[in-house]
Amino acid sequence: MDNLSLQYKSLITSCLWLLLLIGAYLVSFYETVSISELFLSLPFFIVLYFLFFTIGKLEIAYFFRRKIIGDVKKQVIFPVVLWLIYAIYLFLNGHSPFRDLLSLFPFFLLFPVLAFSSVGTSEKINWFDFFVFASFLLPTTLVNVQPKGDLPFHGDSFDSIYRISIMLVAVFAFGIVRRIDDIGFYPEVSLKKLWTTVWVWLAFYAFVLTIGVSVDFIRFVGHQENTVELVQKISLVLLTGFLHTAVFEELFFRGLLQNMLARRIGQSRSFRIFFIVAFALLFPLALVVGYTLKGGMQWFPALVTLLIFAMAWFIENRNIAGMGVYTSLAITSTLFGLVHYHAGSIVYIGFACIAGWAYGYVYIKTKNVFYCALTHALVNASALIFGLSLVK
């Protein structure tokens, strides 16, 4: 099949995914949001989620590269268009995109594209890639830009134009401008990969239940809803959790950070220096995290960190996968858990580190952000699915 045929096929499958999501969007909000507001948001929803399902596909990436590589004026069109979509949406809902912190948003979108276009591309991952990653992710997540342009604008939402645009620019900058091919940001139907997603979720939650019940972190409370109401509620929680939280976090932690770390370590002669330095930094940090929170088991995050790195060391020394694959998994898993410090729960942080290992393992096996995001969404919805209460 030639490139043009692959591109057409890719666009058609994106449209099919989009039609399913439009149906879910309308069904989810037609009773709780005014018809005028719902249909005002719909064109923006369609454009952004079409890009969401399309931009990460390799055949589309190759098409864009041929058109824009080496021409910075063409490269900045994509982030500028995303900002215009956001600005128009805010104007239509009575807000100015130039007020206060909102004026930073175009700079956020342009930064990674301009950074990579200024230095050119290389087949090898270098430390500048990690600098761009951190310099892009930290401000966009720590700066509280409001309003974010929720879809729909008021009440509950699938996600916001702000977050969707951040994801799209990340895939565009790292995947197309920087030419990292294996991010895996696209929907894909595979029974084998779906099975990996499901069994990892069940294995992780069986482990969490065993430990969580024994330390009174998890309690069984059952369900109050009838079967139909419960199925509807679980479906909505899964879908919104997948789109709002899971895909965003999995793109940055697995599709970019874990991916780039594995490649960077693989370029070296040994994984050991990366392993030792990472453990020397993250183990004390896990101790600090545990002992600066109130409650028992303050040693738990550090113990989990120790076990994660011990497992990675065991696997690396047996050459089960490529060099650096499980060292990068240990690093990102621990970081993923520790950044949940805001949850204020020692046990929760430890479990989040283990969850990070589960999501990262799914990424290793599937090479697809959407499947590890599905595992993530299932984990987040598990309390509702199984009738549990988490005692944070």
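Residues numbered from 1 in each chain as written. Predicted model: local features only at pLDDT ≥ 70, side-chain atom pairs only at ≥ 80, totals over all residues. Heavy atoms only, no water.

I tried to follow the overall build of the protein chain on my own but got confused; where do I start?
A tally of regular secondary structure across the protein chain gives 15 helices and 4 strands. Against the compact-globule benchmark of 21 Å for 392 residues, the protein chain has a radius of gyration of 21 Å, which places it among compact chains. Each principal axis of the C-alpha atoms in the protein chain carries an extent, and together these give about 55 × 50 × 50 Å. In the protein chain, buried positions account for 51% of the 392 residues. A fraction of 79% describes how many contacts in the protein chain between residues 6 or more apart in sequence connect residues 24 or more apart. For the protein chain, the exposed surface amounts to about 18100 Å²; the carbon and sulfur share of it is 68%. One way to put it: in the protein chain the 27 positive side-chain charges average out to a point 10 Å from where the 20 negative ones average out. (Helix = DSSP H or I, 4+ residues; strand = E, 2+ residues; numbered from the N terminus. Rg over C-alpha atoms; globule rule 2.2 N^0.38 Å. Buried < 20%, exposed > 50% of the residue type's maximum accessible area, 1.4 Å probe, protein only. Contact = heavy atoms within 4.5 Å. Areas by Shrake-Rupley, 256 points an atom, 1.4 Å probe, with all protein chains shown as cover. Lys, Arg positive; Asp, Glu negative; His and termini not counted. Charge placed at Lys NZ, Arg CZ, Asp CG, Glu CD.)

When you look at the environment of Thr366 in this model, what are you seeing that I'm missing?
Its location among the elements puts Thr366 in helix α14 (residues 346-366). Relative accessible area serves as the criterion here: at 2%, Thr366 is assigned to the buried category. Those residues in contact with Thr366 that sit more than four places away from it in its chain are Lys193, Thr196 and Tyr371.

Hey, could you run me through the environment of Leu26 in this one?
Take Leu26: it is sitting in helix α1 (residues 3-29). The spatial distance from the C-alpha of Leu26 to the C-alpha of Arg178 is 36 Å, given a sequence separation of 152 residues.

Explanation requested: the side chain of Thr332 in the structure shown.
Along the polypeptide, Thr332 turns up in helix α13 (residues 325-338). Take Thr332: its relative accessible area is 0%, and that puts it in the buried class. A polar atom in the side chain of Thr332 sits 3.4 Å from the side chain of Gln258. Setting aside anything within four residues of it in sequence, one finds Thr332 in contact with Phe253, Arg254, Leu257, Gln258 and Leu261. (Polar contact = N/O pair within 3.5 Å; in protein donor to acceptor, adjacent residues only side chain to side chain.)

Quick question: what am I supposed to make of helix α7 (residues 127-142) here?
Between the first and last C-alpha of α7 there are 22 Å, a value that for 16 residues agrees with the 22 Å anticipated at 1.5 Å per step. Asp129, Phe130, Val132, Phe133, Phe136, Leu137 and Thr140 are the residues of α7 that are buried. Taken around the axis of α7, the buried residues stretch over an arc of 160 degrees, which confines them to a single face. In this structure, the buried residues of α7 make contact with α6 (105-119), α8 (161-177) and α10 (227-266). A side-chain oxygen of the first residue of α7 lies 3.1 Å from the backbone nitrogen of Phe128; this N-cap is Asn126. (Expected span 1.5 Å × (residues − 1). Arc of directions from axis to C-beta.)

For this particular structure, what's the right way to read the nonpolar core?
Here is a general trend for soluble globular proteins: nonpolar side chains tend to be buried in one another's company. By size, the foremost hydrophobic cluster in this structure holds 125 residues, and its most contacted members are Tyr49, Phe52, Phe174, Leu251 and Phe252. Setting aside residues up to four positions removed in sequence, Tyr49 forms contacts with Leu18, Leu21, Phe158, Asp159, Ile164 and Leu243. (Core = buried A, V, L, I, M, F, W, Y, C linked by side-chain atoms within 4.5 Å.)

Which parts of the structure should I look at to understand unusual backbone geometry?
Among all residues save glycine, negative phi is the norm, and among peptide bonds the norm is trans. Residue Pro147 is reached from Gln146 by a cis peptide bond, and omega for that bond is -5 degrees. Along the chain, Pro147 turns up in the loop between α7 and β1 (150-151). Here Leu151 and Pro152 are connected by a cis peptide whose omega angle stands at -5 degrees. By secondary structure assignment, the location of Pro152 is in the loop between β1 and β2 (159-160).

Could you clarify how one ought to interpret the state of the cysteines in this entry?
The bond known as a disulfide is covalent and runs between the sulfur atoms of two cysteines. On inspection of all chains with the given rule, the structure shows 0 disulfides. Looking at the unpaired Cys353, the closest cysteine sulfur is the one in Cys372, lying at 17 Å. A relative accessible area of 0% means that Cys372 is categorised as buried. (Disulfide = S-S within 2.5 Å.)

Got a minute to help me understand the pattern of salt bridges in this structure?
Between side chains of opposite charge, a pair can form when the charged atoms approach closely. Applying the stated criterion across every chain yields a total of 8 salt bridges. Two residues, Arg219 and Asp216, come together in a salt bridge whose shortest N-O distance is 2.9 Å. Among the residues examined, Arg219 registers a relative accessible area of 41% and is labelled partly exposed. (Salt bridge = Lys/Arg side-chain N within 4 Å of Asp/Glu carboxyl O.)

How should the packing of aromatic side chains be read in this particular structure?
Considering all chains together, one arrives at 45 aromatic pairs under this definition. Relative to Phe53, the ring of Phe52 lies with its centre 5.3 Å away and its plane at 75 degrees, an arrangement referred to as edge-to-face. A residue is classified by how much of its surface remains accessible, and Phe52, at 1% relative accessible area, is buried. For Phe53, a relative accessible area of 6% puts it in the buried group. An aromatic cluster is present here, built from Trp17, Tyr25, Phe29, Phe45, Tyr49, Phe52, Phe53, Phe158, Phe185, Phe242 and Phe370 joined pairwise through their rings. Its guanidinium or amino end placed over the ring of Phe248, Arg163 lies 4.4 Å from that ring's centre, counting from NZ or CZ. Over the face of the ring belonging to Phe336 we find Arg254, whose NZ or CZ atom lies 4.6 Å from the ring centre. (Phe/Tyr/Trp six-rings, centres within 6.5 Å; stacked < 30°, edge-to-face > 60°. Lys NZ or Arg CZ within 6 Å of the ring centre and 35° of its normal.)

Got a minute to help me understand a nonpolar patch on the surface in this structure?
On the surface, Leu287, Tyr291, Trp299, Leu303, Leu306 and Leu307 cluster together into a nonpolar patch covering about 560 Å² of accessible area. Put simply, the parts of the chain that give the nonpolar patch at least two residues each are α11 (272-291) and α12 (300-317). No other element matches α12, which puts 3 residues into the nonpolar patch. (Patch = residues over 30% accessible without salt bridge, like charges linked within 9 Å, V, L, I, M, F, W, Y side chains within 5 Å.)

For this particular structure, what's the right way to read the packing of helix α5 (residues 77-92) against α6?
In helix packing, the relevant descriptors are the interaxial angle and the interaxial distance, both defined with respect to the helix axes. Between α5 and α6, whose axes approach to 9 Å, the crossing angle comes to 160 degrees. One way to sum up the angle between α5 and α6 is to call them roughly antiparallel. You can see that α5 and α6 cross each other, and the crossing is right-handed. Each of Pro79, Val80, Leu82, Trp83 and Tyr86 in α5 lies in contact with α6, whose residues at this interface are Phe105, Pro106, Leu109, Leu110 and Val113. For the contact of α5 with α6, the class distribution of residues is 10 nonpolar, no polar and no charged. (Axes fitted to C-alpha atoms, helices over the stretch in contact; angles between N-to-C directions. Parallel < 35°, antiparallel > 145°, perpendicular 65-115°, else oblique. Left-handed = near helix turned anticlockwise from the far one by under 90°. Nonpolar A, V, L, I, M, F, W, Y, C, P; charged D, E, K, R; others polar.)

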